[in-house]
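# Tertiary structure, described
So you can see what is in the structure, the chains are spelled out below.
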Amino acid sequence: MEKVKIAILGFGNVGTGVWKILQENRKEIMKRSNYDIEVAKILVSDINKKREIELPKGVLTNNIDDIINDDSIKIVVELIGGRGQAKEYMIRAMKAKKHIVTANKLVVANWGEELFKIAEEENVLFYYEASVAGGIPIIREINESLTANRIEQIIGIINGTTNYILSKMTNDGISFDEALKEAQDKGYAEADPTSDVDGFDAVYKLAIMASLAFGTKVDHDCIYREGIRNISAVDIEYAQKFGYTIKLLAIAKEENNKLELRVHPTLIPSNHPMANVNDVFNAILIKGNAVGELMLYGKGAGDLPTGSAVVGDIISILRNNVKPSDLKAISGEEDFKEVKNSDENESEFYIRLNVKDRAGVLGDTAKIFGKNNVSITSLTQDVVHKEYVLLAFITHKSSERNIRESLKKIKELENVNEIESIIRIESFN
Ligand code: NDP
Ligand code: HSE
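Rules and cut-offs
- Residues numbered from 1 in each chain as written.
- Chains lettered and ligands numbered in written order.
- Predicted model: local features only at pLDDT ≥ 70, side-chain atom pairs only at ≥ 80, totals over all residues.
- Heavy atoms only, no water.
- Phe/Tyr/Trp six-rings, centres within 6.5 Å; stacked < 30°, edge-to-face > 60°.
- Buried < 20%, exposed > 50% of the residue type's maximum accessible area, 1.4 Å probe, protein only.
- Helix = DSSP H or I, 4+ residues; strand = E, 2+ residues; numbered from the N terminus.
- UniProt positions renumbered as here; feature names shortened; annotations may be inferred.
- Contact = heavy atoms within 4.5 Å.
- Salt bridge = Lys/Arg side-chain N within 4 Å of Asp/Glu carboxyl O.
- 1 Å grid on protein atoms, 1.4 Å probe; cavity = no way out; pocket = protein on both sides within 12 Å on 5 of 7 lines; lining within 4 Å.
- Points joined across faces, edges and corners; volume = space filled by probe spheres on them.
- Nonpolar A, V, L, I, M, F, W, Y, C, P; charged D, E, K, R; others polar.
- Core = buried A, V, L, I, M, F, W, Y, C linked by side-chain atoms within 4.5 Å.
- Domains from an automatic or database assignment.
- Pairing = 2+ DSSP bridges.
- Axes fitted to C-alpha atoms, helices over the stretch in contact; angles between N-to-C directions.
- Expected span 1.5 Å × (residues − 1).
- Arc of directions from axis to C-beta.

### Regarding the packing of aromatic side chains
- This structure, assessed with the given rule, holds 8 aromatic pairs.
- Ring centres 6.4 Å apart and planes at 90° place the aromatic pair Phe-11 and Trp-19 in the edge-to-face group.
- On the accessibility criterion, Phe-11 (6% relative accessible area) is buried.
- With a centroid separation of 5.8 Å and 65° between ring planes, the pair formed by Tyr-164 and Tyr-188 is classed as edge-to-face. Residue Tyr-164 is found in helix α7 (residues 160-171), and its partner Tyr-188 is found in the loop between α8 (176-185) and α9 (194-197); the two are separated by 24 residues along the sequence.
- Given the relative accessible area of 4%, Tyr-164 is considered buried.

Right under this line is the structure:
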């Protein structure tokens, strides 16, 4: 069987996962790719670091030139992450006629257009399945299996770290910090976990999926973003009282040629399958005009699940079954689609106020909601302290503008201490 040499940039969580899969499933991979894959070089930053896996002598290097200048290396797998060097190394590798596989959503969402253009010019392939939702083969699903459809919406739990944190806070009652530490120890979080916790990682992934699904270049800066930092045990408890579970959702909808794009914590009905997507699992619900609703579920992070997507891409390159021109949608060559201003978006809302325990406060608040066309579905009031009361409302579908205007006025009420939470609701209708 013919041998093919590849190089891996990065030997952290995902890099070691890829190595393990290539060893463990070598026979199957040979059969499916028709090649015997040899990892000729692995780039790391610290060559003396103690590692879980002992590598053959001469494989580890801290010099990218050992890879770029080696013409026998045909595929470069970028798993160092971050922006600067990852992008530079991929460009240099493509200019040296090497195919690319990457899991780097930050780079694909920011510079995909530039990278795909270089891939096309250099006649090499650029694959990025692992950049969205770890082990779930969502890129192939959108690019191949669902191409008969006009996609109307994508709603996903697409960040494993935040889903792990919210699940642990909800189901085990542990704190945000403890849950984040566990997610980091398990290798799910980004090197800088603010990317997970503040929703940036999900925004990059949504930009990639929406670009492919809606055939337009979606700029990640146009996506409304809120992370999970402010979600408290109190909100989780209230959500449960109202029959909801809190998840970080990434939402992309197309209506009348306009896109609605947002990432934020969301209350979803506890009896919806998405509410039972726990720990590091991700799920993506796609609605196509032919297929109807389709839901994909699987591990969204971790060494082997992500490695599975990466090795799948390596095998696809060896089979050479997709040409770079298939990636045109994300490189902005299709129709332009306007992104709706977030003020125009409509949802139901959960709003929690901390108010003084005085007569009239509920009436004053309700009057302001009414004046701004926000109607209330349910409400609960709890006296948790002799000085204040917690008022929690669920609204009917309202525009973001009307909610904002109401809350501006409510904040000015003398008996309102604080607006403690505003969380959108997705009812999947
Ligand atoms: P890690 O931080 O675990 O590993 C990074 C690796 O890259 C380390 O081996 C590190 O070297 C090496 N490295 C970092 N910077 C450089 C550099 N400048 N030059 C050479 N080597 C460098 O990251 P992960 O494996 O978790 O993530 C890798 C990529 O995969 C990221 O883009 C991430 O977003 C993406 N991803 C991660 C998932 C996960 O579950 N973790 C899931 C899906 C995607 P050293 O070992 O010497 O420190
Ligand atoms: N940090 C990311 C997550 C890795 O938690 O989902 C997978 O992309």
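### Structural notes on the UniProt feature "binding site: NADPH" (unreviewed entry) in the protein
- Sequence positions flagged by UniProt for "binding site: NADPH" (unreviewed entry) are, in local numbering, Lys-105.
- One can find Lys-105 in helix α5 (residues 105-122).
- Its relative accessible area of 11% is what places Lys-105 among the buried residues.
- Not counting the four nearest positions on each side in its chain, Lys-105 is found in contact with Ser-131, Glu-190, Asp-201, Tyr-204, Lys-205 and Ile-208.

### Remarks on the pattern of salt bridges
- This model, assessed by the stated rule, comprises 31 salt bridges.
- In this structure, Lys-105 engages Glu-190 in a salt bridge whose closest nitrogen and oxygen atoms are separated by 3.0 Å. Residue Lys-105 is found in helix α5, and its partner Glu-190 is found in the loop between α8 and α9; the two are separated by 85 residues along the sequence.
- Given the relative accessible area of 27%, Glu-190 is considered partly exposed.
- Across the pair Asp-198 and Arg-229 runs a salt bridge whose closest N-O atoms are separated by 2.8 Å. With a gap of 31 residues between them, Asp-198 in the loop between α9 and α10 (200-214) and Arg-229 in the loop between β8 (224-225) and α11 (233-241) connect regions that are remote in the sequence.
- Several salt bridges share partner residues, and in doing so they unite Asp-343, Arg-401, Arg-404, Glu-405 and Lys-408 into one network.

### Section: empty space enclosed by the protein
- Considering all chains together, one arrives at 2 cavities of 30 Å³ or more under this definition.
- For the second largest cavity, the calculated volume is near 30 Å³.
- Looking at the second largest cavity, the residues that line it are Thr-170, Ile-236, Ala-239, Gln-240, Tyr-244, Thr-245 and Ile-246.
- Counting only elements with at least two residues in the lining of the second largest cavity, the list comes to α11 and β9 (244-255).
- The residue makeup of the lining of the second largest cavity, split by class, is 4 nonpolar, 3 polar and no charged.

### What to know about the nonpolar core
- By size, the foremost hydrophobic cluster in this structure holds 82 residues, and its most contacted members are Phe-126, Ile-138, Ile-142, Met-209, Leu-267 and Tyr-350.
- Take this core: its biggest share by element is 11 residues, from α10.
- The next biggest cluster of nonpolar side chains, apart from the first, holds 32 residues, and it includes Val-4, Val-59, Tyr-127 and Ile-315.

### Things to note about the layout of surface pockets
- Empty space within the largest pocket amounts to approximately 1,200 Å³.
- Taken together, 46 residues form the lining of the largest pocket, with Leu-79, Ile-80, Gly-81, Glu-190 and Ala-191 sitting closest to its centre.
- Counting only elements with at least two residues in the lining of the largest pocket, the list comes to α1 (13-24), α4 (84-95), α5, α7, α9 and α10.
- No other element matches α10, which puts 4 residues into the lining of the largest pocket.
- Across the lining of the largest pocket, the residue classes tally to 16 nonpolar, 20 polar and 10 charged.
- There are two domains that each give the lining of the largest pocket at least three residues, and those are domain 1 (3-133) and domain 2 (138-299).

### Considering the sheet that holds strand β3 (residues 60-61)
- The parallel open sheet is built from 6 strands, whose spatial order is β3-β2-β1-β4-β5-β6. Only two strands of the sheet have a single partner each, and these edge strands are β3 and β6 (126-127).
- Where strand β2 (residues 36-43) meets β3, 2 bridges bridge the pair, whose relative direction is parallel. The residue of β3 that forms the bridge with Ile-42 is Leu-60.
- Each of β1 (3-9) and β2 touches α1; the most contacted strand, β2, lies at about 155° to it.
- Of the strands in this sheet, β1, β2, β4 (73-78), β5 (99-102) and β6 touch helix α12 (residues 303-319), which is tilted by about 160° from β5.

### Brief notes about helix α14 (residues 400-412)
- Helix length check: α14 (13 residues) gives 19 Å between terminal C-alpha atoms against 18 Å at 1.5 Å per residue, within 8%.
- Listed in full, the buried residues belonging to α14 are Glu-400, Ile-403, Ser-406, Leu-407 and Ile-410. One side of α14 holds all its buried residues, which, seen down the axis, span an arc of 125°.
- Contacts made by the buried residues of α14 are with β14 (346-356), α13 (361-371), β16 (388-395), β17 (398-399) and β18 (416-425).

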